[in-house]
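As a plain string of letters, each chain reads:
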Amino acid sequence: MTETRQPRTRADLAPLARAALGPHRTLRAVTRLRGGSKKGVYRLRLDDGGTAVAYVWAPDEDYWGPTGADPRAPFSHASGLDLFTAAHDRLTAAGVRTPRLLHADPVAGAAVVEDLGGGGSLEEALRRDPAAALPALHRLADALRTLHGTRSAAHGKVAVIDNGGTAHGDSCARLVTDRALADIAETAVREPRAAAARERLEDAVHALAAEVRPRADHVLVHGELGPDHVLLDEHANPALIDIEGLMYFDAEWEHVFLRLRFGPHYDVLRADGLDENRLRLYRLALHLNLVAGPLRLLDGDFPFAQSMRGIAEHNLAHALDLVKR
């Protein structure tokens, strides 16, 4: 039997809103926004008509639960105020738009940021009118060039590397390879089609990894940049959200995700000079992870189970197609 998760109430968030927005403004209403699986996201409505957004990192807001992974690892659980503030500071310094941080409360594990919900997401804009959304898409391409122009000799989470920490793992390609093999093993337990294709999938990962050559430096990547993770401000300028996973990594990892999530709109975001061998390995690894992750999430009480099952099914079909004999 799964636990019942209760969203934060106005009384719960009133002290946070007061600290962030001033004692002379009263919090009138709180709405939990859909989509977060690692943190609670709440729109705060004030008595003067203003709004802001609260992020709350807490065990009862995280549907993934504890993972036991090394928090230094690039692919370990990207959740927490420290990851968020480090990513916010790095993006701001690089000149890449993200909602402005208004207040951070380390004791509560919460933050308040400006509300950009009025412009909607780039995903909504592309669905509504792709032609009208094209300027915003081009601005996102500009932001990506800025993001990927920020380089580091070490790979890893921004919160680790920017604070003098050391890289975790031998290389980005090795990290991706190891996680792909772990995802195959995990998925094979839950999905008979993956179990039947396990040897082919593992052989394909090893073969693709063998073609990847060493690399000396890495770029700043969001890591999960879909159009739903891009909000548009009042001038249709893009702002990146869900930034806790920001890390120095291979640009190819970003681009396989962009291609998957932006689909027919990806051409605007395409970049020159990407390594085709890395792209092939990372493409298969991404599909495998987008099967293993959603299936793992479905073991718990995540409320949007149908969408997670759809993601797992879609990506399993792609992974199996890539290893057909």
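Residues numbered from 1 in each chain as written. Predicted model: local features only at pLDDT ≥ 70, side-chain atom pairs only at ≥ 80, totals over all residues. Heavy atoms only, no water.

Asker: Residues and numbers for the nonpolar core, please.
Answerer: Ranked by size, the top nonpolar core spans 83 residues in total, and within it Leu122, Leu140, Trp253, Phe262 and Leu269 carry the most contacts. Per-element accounting of this core gives the leading share, 10 residues, to helix H10 (residues 276-297). Ignoring anything within four residues of it in the chain, the contact list for leucine 269 reads Leu137, Leu140, Ala141, Leu144, His255, Leu258 and Phe262. (Core = buried A, V, L, I, M, F, W, Y, C linked by side-chain atoms within 4.5 Å. Buried < 20%, exposed > 50% of the residue type's maximum accessible area, 1.4 Å probe, protein only. Helix = DSSP H or I, 4+ residues; strand = E, 2+ residues; numbered from the N terminus. Contact = heavy atoms within 4.5 Å.)

Asker: Which residues make up the pattern of salt bridges, and what values do they have?
Answerer: With the rule as written, the count across this model stands at 27 salt bridges. A salt bridge links glutamate 202 to arginine 198, with the nearest nitrogen and oxygen atoms 3.0 Å apart. You can see glutamate 202 and its partner arginine 198 sitting in helix H8 (residues 198-210), 4 residues apart, about one turn around the helix. A relative accessible area of 23% places glutamate 202 in the partly exposed class. Residue classification places arginine 198 among the partly exposed residues on the basis of a relative accessible area of 33%. Each of Arg215, Asp250, Glu252, Asp275 and Arg278 takes part in one network of salt bridges that share partners. (Salt bridge = Lys/Arg side-chain N within 4 Å of Asp/Glu carboxyl O.)

Asker: Quick rundown of helix H9 (residues 251-262)? Include the residues and the values.
Answerer: For H9, with 12 residues, the first-to-last C-alpha span of 16 Å sits near the 16 Å given by 1.5 Å per residue. Most of H9 is tucked away, with 9 of its 12 residues classed as buried. Where H9 is concerned, the buried positions are Ala251, Glu252, Trp253, Glu254, His255, Val256, Phe257, Leu258 and Phe262. At its buried positions, H9 is contacted by helix H3 (122-128), helix H4 (130-148), helix H6 (172-190), strand E8 (218-221), strand E11 (247-249) and H10. Where H9 terminates, the next one or two residues include glycine 263, which has phi positive at roughly 55°. (Expected span 1.5 Å × (residues − 1).)

Asker: I'd love a proper account of unusual backbone geometry, names of residues and values included.
Answerer: The phi angle at alanine 236 is positive, at roughly 65°, despite the residue not being glycine. Tracing the chain through its elements places alanine 236 in the loop between strand E9 (230-232) and strand E10 (238-240). Here alanine 236 falls in the partly exposed class, since its relative accessible area comes to 28%. For aspartate 242, which is not glycine, the phi torsion reads 50° and is therefore positive. Within the secondary structure, aspartate 242 is located in the loop between E10 and E11.

Asker: Any chance you could break down the sheet that holds E8 for me, citing the residues and the numbers?
Answerer: Taken in spatial order, the 4 strands line up as E6-E8-E11-E7 in an open sheet, and their pairing is antiparallel. Strands at the two margins of the open sheet, each flanked by one partner only, are strand E6 (151-152) and strand E7 (156-157). Bridge count between E7 and E11: 2 bridges; the pairing is antiparallel. Within the sheet, the bridge partner assigned to glycine 156 lies in E11 and is tyrosine 248. Packed onto the sheet, H9 meets E8 and E11 and runs at close to 40° relative to E8. (Pairing = 2+ DSSP bridges. Axes fitted to C-alpha atoms, helices over the stretch in contact; angles between N-to-C directions.)

Asker: Please provide a residue-by-residue account of the pairing of strand E3 (residues 51-56), values included.
Answerer: Of all 6 residues in E3, 5 are buried; the element is thus mostly enclosed. Here strand E2 (residues 40-46) hands over to E3 after 4 residues, with glycine 49 in that stretch at a positive phi of 90°. Note that E3 and strand E5 (residues 110-114) share 5 bridges and pair antiparallel. Paired with valine 56 across the two strands is alanine 110, which belongs to E5.

Asker: Can you tell me about helix H11 (residues 305-322), naming the residues and giving the values?
Answerer: The terminal C-alpha atoms of H11, which comprises 18 residues, lie 26 Å apart, in line with the 26 Å expected from a rise of 1.5 Å per residue. Residues of H11 that are buried sit in contact with helix H7 (192-196), H8, H9 and H10.

Asker: Go over the side chain of lysine 157 with me, naming the residues and quoting the values.
Answerer: Tracing the chain through its elements places lysine 157 in strand E7. Overall, the relative accessible area of 1% leaves lysine 157 in the buried class.

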